[in-house]
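# Fold and contact review
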Amino acid sequence: NPDLSFTNVVARWKGSTHDARIFENSRIQFKLSDGQTPRGHLVGDAGYPCRKYILTPCSKPTTTAEKRL
């Protein structure tokens, strides 16, 4: 959050589990997908799925706007 504090921790998965899989099974993901947390976005790497609440990089930018990112 803006205060640099963790707001959600999931510690039940093995270390080799991908972050995106953990996120897809987390309470915060369910809240975001149900619209219970309407403000803000999360930032993820290319391993995360495209969702309206997760900003991920464009793997093959084609437009001028995408190339600026």
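Residues numbered from 1 in each chain as written. Predicted model: local features only at pLDDT ≥ 70, side-chain atom pairs only at ≥ 80, totals over all residues. Heavy atoms only, no water.

### Structural notes on the UniProt feature "domain: DDE Tnp4" (unreviewed entry) in the protein chain
As a reminder, the rule being used: UniProt positions are given in the numbering used here, feature names are shortened, and annotations may be inferred rather than shown by experiment. Note on conventions: DSSP H or I runs of at least 4 residues are helices, E runs of at least 2 residues are strands, and numbering of each starts at the N terminus.
In this structure's numbering, the residues bearing the UniProt feature "domain: DDE Tnp4" (unreviewed entry) are residues 1-61. A helix fraction of 21% and a strand fraction of 7% characterise residues 1-61, whose end C-alpha atoms lie 29 Å from each other.

### Let's talk about the nonpolar core
As a rule of thumb, nonpolar side chains are buried together in soluble globular proteins. Keep this limit in mind: For the purposes of this section, nonpolar cores are sets of buried Ala, Val, Leu, Ile, Met, Phe, Trp, Tyr and Cys residues that join through side-chain atoms within 4.5 Å. We call a residue buried when its accessible area falls under 20% of the maximum for its residue type, exposed when it is over 50%, and partly exposed in between, using a 1.4 Å probe and counting protein chains only. The contact rule is simple, with two residues in contact once any of their heavy atoms fall within 4.5 Å.
Membership of the largest hydrophobic core is limited to six residues, which are Ala20, Phe23, Leu32, Tyr48, Tyr53 and Ile54. Each residue touching Tyr48, except ones within four places of it in the same chain, is listed here: Asp19, Ala20, Phe23, Ile54 and Thr56.

### Details of the packing of aromatic side chains
Rule in force here: Geometry of aromatic contacts follows a simple scheme: Phe, Tyr and Trp rings, the Trp one being its six-membered ring, pair when their centres are within 6.5 Å, and the pair is stacked under 30 degrees between planes, edge-to-face over 60, tilted otherwise.
A complete count under the given rule lists two aromatic pairs for this structure. Judged by centre distance (6.4 Å) and plane angle (55°), the rings of Phe23 and Tyr53 are tilted. Of the two residues, Phe23 is situated in helix H1 (residues 19-24) and Tyr53 in the loop between strand S1 (42-43) and strand S2 (54-55); the sequence distance between them amounts to 30 residues. Owing to a relative accessible area of 7%, Tyr53 belongs among the buried residues under this scheme.

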